[in-house]
Structure formats: structure tokens, C-alpha cells
Amino acid sequence: MKGSRVVAVGVLLAALIVVLAFAGTAAAKKPRTADTVFKNGYVYTVNPGQRTAKAVAVRAGKIQYVGSNRGVRAFIGRKTEVVDLKGKMLMPSFADGHAHPSAAVSFLYAANLYDAEAATTAEYKVVLADFIAANPTLEAYQGSGWSEAAYPGIGPLKADLEGLTTKPMSLWSDGHHSLWVNQAALDLAGIDNTTADPIGGVIERVPGSVATDPPYGTPSGCLRESATDMMMAVFPDFTVEQYKEGILFYQQAIANPVGITLSQDAVQFPGSNSVKAYEELAQAGELTVRIRGSLQLMPNMGDVAPQVDAIVAEKALHKTTLYKTVAAKFFADGVIEGHTGYLLEPYADALAFKGDADFRGVPIWQPTAFNAAVMKADKAGMQIHVHAIGDAAVSESLDAIAYAEAVNGKRNHRPMITHLQLVDGNDFARFKNLGVTALPQPYWFLMDDYYHYLQVPFLGQERADDEYPMKSFFDQGVHVASGSDFPVTPDPNALVAMQIGVMRWYPESSMGGTIPPGDILWPEERVTIQQMIRSFTIEGAYANLLEKTTGSIKVGKSADMVVLARNIIKCDADEIGEGNAVLLTMFRGKTVFEADR
Ligand SMILES: [Zn+2]
């Protein structure tokens, strides 16, 4: 707008003229030129004040202008890179609200059972034998990805690992809640028939040997929930260098190619090699994904105060924008597929599985200890991040957060509860009232192998058909962010998750199985593409206290954006997640991924 034209409006608008004259002066002075300009695009900003635009200018890592093709011209200089989007969609890049990026080290330095030809013991042994042959010098063998669905009951057996190696071997399930271990690993951890199940954990035993008094029964080779902590506390960890390679691999091969530039590492420990690896990469400016870490508190270590002190001390060590450890992580329960998810009503197969018709699963914490631990972490200034799968676990997590609020007062700590497989109808409003972010994994909203082989038999038809709510949270006005739980979802493509959120259907599942059209899990919980986009952008930023920095395309924010091959607002729902539509990923103004096509 030109000042001279404004003057003609007249004296009655004197105050307005002053304002506009200033605007005129600013426009007259040519703005500093942009590093990059995108024009001729369908810019979906996720900024309610300016929903769409055609052009964006980026300078020094930040968004400098959002508007028209005409308006952006003023920002183009001799050195500006001008990208003609030719109508393509430009939007904020994606936030993965709950994942385990550092676990990508397993893809490089552990046996990858996700890649087995089939989910059978024979095929897993082929992968393990190859890995051992290729890595003869490792002092112990780790792996991950065996299918929980393939081993209902007591899980896989140590006997099946005999003959592969005499070194300790420890293999995570695809859900990362159970470990398949050999005898050498059990010996290393000192777990035998004199070892009782820890609080919140299960040591599976050879059938027929189980007893409530010592000897409790011979360990059969599968450890669940907090029993895995007994193993991981002594099992040789990956080195800092190996973690750094794993994190770089995550960024370059997994996250940036699908447009992820913010991720939560949901299980970290003070002083661990993975925390050191992130900090070194952050200091060197090598992170192309912003990482926010959650430091786990454990129920089996007596008074929780020293653990809270340790996570607070760890938090103080991380000061860059690229890596911070702001949250305390709690496990309220396990997983349905391990019969460790904590339910309000008994498991459908409780009698057959446990010999106890009232069996409702395994709470990791006793309620009073849980309340006290959440309250102390909150008081110490930590954000609260809770894993809760079963409806009883969700309720007790909300109870603990409510208790913390009652004692400490309301704070802006953004507590979040993730997974949310079963949620009691009365609890949706409590998320809103307590300011708790709901953080589901839309990748799992499918009638897949998990649904057919683990959820229907364990939960019964009715509960299995009412799992993974989404719309109920939006309807209550709850903050909803989405996550992949990578590597549980090994390919965290947010566009696939967006399609699933909209349709509650996708032709195939990362948890196994192909899904016929028409098999729609809880259709009433379908949400809009706009809601799914929010959950993967601004709400992911909000959940990580970063909504002023990233998550929408707005002047002054970090230039964290993606260019897509298709317009996911306008295309058919079954095309949203097709292939990988990400053509370009920009993080802090730099291109960190570009598709060759
Ligand atoms: Zn997780």
C-alpha cells in the first residue's frame, strides 16, 4: 500500500493514516532478499489467520514472507533460489509426537528381524545366523522385530536360540515390550528359577514348572515389561559412536525422506550413551530433526526422589534448540498382545491364559507410588509423558496428573498420554479439563493381524471393535498430536497415518496383514484430513512446547516445510498415503531431503 493514496482519504481517519503511513514507509524500503522463494504453490499454512497462500520467502532459516506471487517478488534478489512449485502443495513438515529415533541403531548394529522372510522361528534363525556370521567380533548380540502376533502365550523360547551363539543374545519384539533371550543372557542377568517376577513385569516360565513360591519355575526365554529392565541394565549397550550413526541413519534414511523434522525420543536414561550421542550431534549442528527426549522413571528403585533429581540434572545439560530432554516418562502398563495392558474389565481369555477369570493385566506402578512420582516430577518442572494402553491405565494416568495438579497447582507443563488403545467414555472430558494432550498412533487404527490374532481373542469382539478412539478427543476439544512409535512402526510415513485417521482403513498394515476394503475399524472415529494435519504439525509442536518455533508456516517461525507431489486436502482419501508423496523436506531453511524424480 502506498502512503500517498492513503493521504487522500481525509483528516477524519488521521489515526488510521498514521498506521498506514508507517506501513507505506516499510514497503518503500526494499526488504532484505530471501535465500529461497517458493512461488505458484498451494501453500497450506496451518495458521488460522492465513489459511492458504501462494508463495513463501525464507531467509536465515526462518520464514520471512507468506502471501501472493506478486508480494513475494520484493524478496527475490540475485542470489535467491526461486522454486516454481507449479501448483504443488507446500505445508509445514511433520512432527512425530512419540517415537524412538535412537533405536535406529538396531538397524545398523543389531539383527533386524523385521526383515525376516516370514514371522517364524525358522526364518528368524536364518536372519540371526547371517547377522552373527557378519559380526563375529561383537561381545553380545542384540536384535529386534520378532512378531508378538506369531507367539501368543508364553512367547518364543530360549531353546530355539541354542546353537546360534554362546554369547548373550537379546531380541526385542516388534512392540518393544518383550525380550526373547538365550540362556547366556539369562546367566548374565542372573535370572533363574529363584528370581521372582518384578513389580510390573513377567518372566515367562517353562509350562508345568510355574509356582507361586520359590522355585518359581524355569525361565523359558521371554521377558516382559519391567523384567526387560533387569536384562537391559546389564546387557552391553551400544557405544556413543554407534548411537550417533544410528541417529544419522534415522534422519537421512527414515525421517527426512517422509518429511519428519521434529521427533520425540520417548525412552531415555540420564547419562546413557544415546543421550550423549544426541548432545554431541546437536553441538555439532548435525541434527536435521529436532529431538525432544523423555527420561524414564522406574517403579522398582525405591524412593523416586533420587531418580527425579537425576532427570532434572540431565535436563540441565541440554541447551541447544536441536535437543532437549524436557519430559519424565512413565509406563502405566504394558501391551494387550503381552496380556500386560491394564484393563478395567478382565481379559476375554483371562481364565485360559492366567487361570484367573478376573485377570485384568499388569499395572507397572501401584497407584499411590504413581501419583507421588508424577507429582514430584511435575513439581521439579518436568513435562509428564505417560504410556497407557488399557482403559484402566489411562484412567490411573489421568488420576496421577490430577493429583499432581491438586498438589502443585495448574502449570503449563503439557502432560501427554500416548497409545490410548482403550479409553473409558468418561475419560475424554478429563483430558480436556486437565489439559492433557492425547497422543495416539493412527498407523495402528486397522483391522490387521494384531486385531484378528491378538486383540479380538484377548479383548473380545466388542472391545476390539471400540479401540483407538480419535474423533472423541477432537470432539471434546482436546489437544491431539500423532506419533508412530517408530521402530514399532518401522516406516513412519505421516501421510499414511493421515489416510488411516481419515478412513480407518489402509490396504496393508505395518503390524502385518492386508486389509480388504470395507474392513473399517470403528468408523465413527474417522476424522477430517485437516484434523490429521494439525495432529502431525502444530499439535506435535504444541505437545513439545515448540508451537512458537515450528508447526505452521508463519512469518518468524523456523522454515520447516515439505513439498508434496499431491494435494492431500483435495485428493481422494485413499490417495493421501499412496507411495511417498514427499518431494522436498526443508529444515531451518535448508533442504534436508529431495526426491529424485
Ligand atoms: Zn513408545
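It should be noted that the structure appears before, not after, this text.
Everything in this summary refers to the structure shown in the same document. (Residues numbered from 1 in each chain as written. Predicted model: local features only at pLDDT ≥ 70, side-chain atom pairs only at ≥ 80, totals over all residues. Heavy atoms only, no water.)

1. Here we look at the overall build of the protein chain
Rules: Where helices and strands are cited, they refer to DSSP runs of H or I of at least four residues and of E of at least two residues respectively, numbered from the N terminus. This radius of gyration counts C-alpha atoms alone. The globule rule is 2.2 Å times how many residues there are, raised to the power 0.38. Exposure categories follow from relative accessible area, calculated using a 1.4 Å probe and restricted to protein chains: below 20% of the type maximum is buried, above 50% is exposed, and the middle band is partly exposed. Throughout, a residue-residue contact means that at least one pair of heavy atoms, one from each residue, lies within 4.5 Å. What sets the accessible areas is the Shrake-Rupley method with a 1.4 Å probe; for residues, cover comes only from the shown protein chains.
Looking only at helices and strands, the protein chain has 20 helices and 23 strands in total. Over its C-alpha atoms the protein chain spans a radius of gyration of 26 Å, differing by no more than 12% from the 25 Å that the globule rule assigns to 597 residues. With respect to the three principal axes, the spread of C-alpha positions in the protein chain is 95 × 55 × 50 Å. Relative to its 597 residues, the protein chain shows a buried fraction of 57%. Long-range pairs, those at least 24 residues apart, make up 73% of the contacts in the protein chain between residues at least 6 apart in sequence. Carbon and sulfur atoms make up 54% of the accessible area of the protein chain, which totals about 23,700 Å².

2. A closer look at the coordination of the zinc ion
Where we set the bar: Donor criterion used throughout: N, O or S atom within 2.8 Å of the metal, extended to 3.2 Å for Na, K and Ca. Water excluded; incomplete-looking sites may result.
Protein coordination at the zinc ion: the donors are His98 (NE2), His100 (NE2) and Asp485 (OD), at 2.1 to 2.2 Å from the metal. Of note, the zinc ion draws all its donor residues from one chain, in the sequence arrangement H-x1-H-x384-D. For His100, a relative accessible area of 16% puts it in the buried group.

3. Remarks on the packing of helix H12 (residues 367–379) against helix H13 (residues 391–408)
The condition that has to hold: Note on geometry: axes are lines fitted to C-alpha atoms, helical ones only across the stretch in contact, with angles between N-to-C directions running from 0 to 180 degrees. Oblique is the label for every angle not falling under 35 degrees (roughly parallel), over 145 degrees (roughly antiparallel), or within 65 to 115 degrees (roughly perpendicular). For any pair of crossing helices, the crossing counts as left-handed if the nearer helix is rotated counterclockwise from the farther one by less than a right angle, and right-handed if it is rotated clockwise.
The contact between H12 and H13 brings their axes to 8 Å, and the two run at 50 degrees. Relative to H13, the element H12 is oriented oblique. Crossing of H12 against H13: the hand is right-handed. From H12, Pro367, Phe370, Asn371, Ala372, Val374, Met375, Asp378 and Lys379 reach across to H13, where they touch Glu396, Ser397, Asp399, Ala400, Ile401, Tyr403, Ala404, Val407 and Asn408.

4. Describing the sheet that holds strand E12 (residues 178–181)
By way of backbone hydrogen bonds, the strands of a sheet pair with one another, either parallel or antiparallel. Rules: Paired strands are those between which DSSP finds at least two bridges.
Spatially, six strands are ordered E9-E10-E11-E12-E14-E13 in an open sheet, and the strand pairing comes out mixed. Each edge of the open sheet carries a strand with a single partner, namely strand E9 (111–112) and strand E13 (201–205). One ladder, built from five bridges, connects strand E10 (residues 141–146) with strand E11 (residues 169–173); its direction is parallel. Within the sheet, the bridge partner assigned to Gln142 lies in E11 and is Ser170. Relative to the sheet, helix H5 (residues 121–134) contacts E9, E10, E11 and E12, its axis offset from that of E10 by approximately 150 degrees.

5. Here we look at the environment of Lys54
Relative to the helices and strands, Lys54 resides in the loop between strand E3 (52–53) and strand E4 (55–59). When near neighbours in sequence (up to four residues on either side) are disregarded, Lys54 contacts Phe38, Lys39, Asn40, Gly41, Val43, Gly67, Ser68 and Asn69.

6. Notes on the pattern of salt bridges
Oppositely charged side chains can form a pair if their charged atoms are brought close together. The condition is simple: By convention in these notes, a salt bridge is any Lys or Arg side-chain nitrogen within 4 Å of a carboxyl oxygen on Asp or Glu.
Under the counting rule described, the total for this entry stands at 13 salt bridges. Each member of the salt-bridge network shares a partner with another, and the members are Glu148, Glu204 and Arg224.

7. A look at the pairing of strand E5 (residues 62–67)
The side chains of a regular strand alternate, residue by residue, between the two faces of the sheet. The element E5 is extensively covered by neighbouring structure, given that five of its six residues are classed as buried. Two strands pair when backbone bridges link them, and E4 and E5 are joined in this way by five bridges, in the antiparallel orientation. Looking at the pairing, Ala57 lines up with Tyr65 of E5.

8. Some points on the sheet that holds strand E23 (residues 590–594)
What the six strands build is an open sheet, ordered E3-E2-E7-E21-E22-E23; its pairing is mixed. Of all strands in the sheet, those with a lone pairing partner are E3 and E23, marking the two edges.

9. Digging into the layout of surface pockets
Heads up, the rule is: We place a 1 Å grid over just the protein atoms. Points where a 1.4 Å probe fits but has no way out form a cavity, open points with protein on both sides within 12 Å along at least 5 of 7 lines form a pocket, and any residue with an atom within 4 Å of a point lines it. Grid points are joined across faces, edges and corners, and a volume is the space filled by probe spheres set on the points. For this classification, the nonpolar set comprises Ala, Val, Leu, Ile, Met, Phe, Trp, Tyr, Cys and Pro, the charged set comprises Asp, Glu, Lys and Arg, and every other residue, Gly included, is treated as polar.
As a volume, the largest pocket reaches approximately 1,000 Å³. Residue assignment for the lining of the largest pocket shows that the elements contributing at least two residues are helix H4 (105–109), helix H7 (226–232) and strand E15 (260–268). Broken down by element, the lining of the largest pocket gets its largest block of residues, five residues, from H7. Residue classes in the lining of the largest pocket are distributed as 21 nonpolar, 17 polar and five charged. What lines the second largest pocket is a set of 20 residues, among which Asp197, Val202, Arg205, Val210 and Lys354 lie closest to the centre. Broken down by secondary-structure element, the contributors of at least two residues to the lining of the second largest pocket are E13 and helix H11 (350–354). For the lining of the second largest pocket, the residue count by class is 11 nonpolar, five polar and four charged.

10. Digging into the packing of helix H8 (residues 240–255) against helix H9 (residues 273–283)
Interaxial distance between H8 and H9 falls to 8 Å at its minimum, and their mutual angle equals 60 degrees. The orientation of H8 relative to H9 falls into the category oblique. Both H8 and H9 take part in a crossing whose hand is right-handed. In contact with Val240, Glu241, Tyr243, Lys244, Ile247 and Leu248 of H8, H9 contributes Asn273, Ser274, Lys276, Ala277, Tyr278, Glu280 and Leu281.

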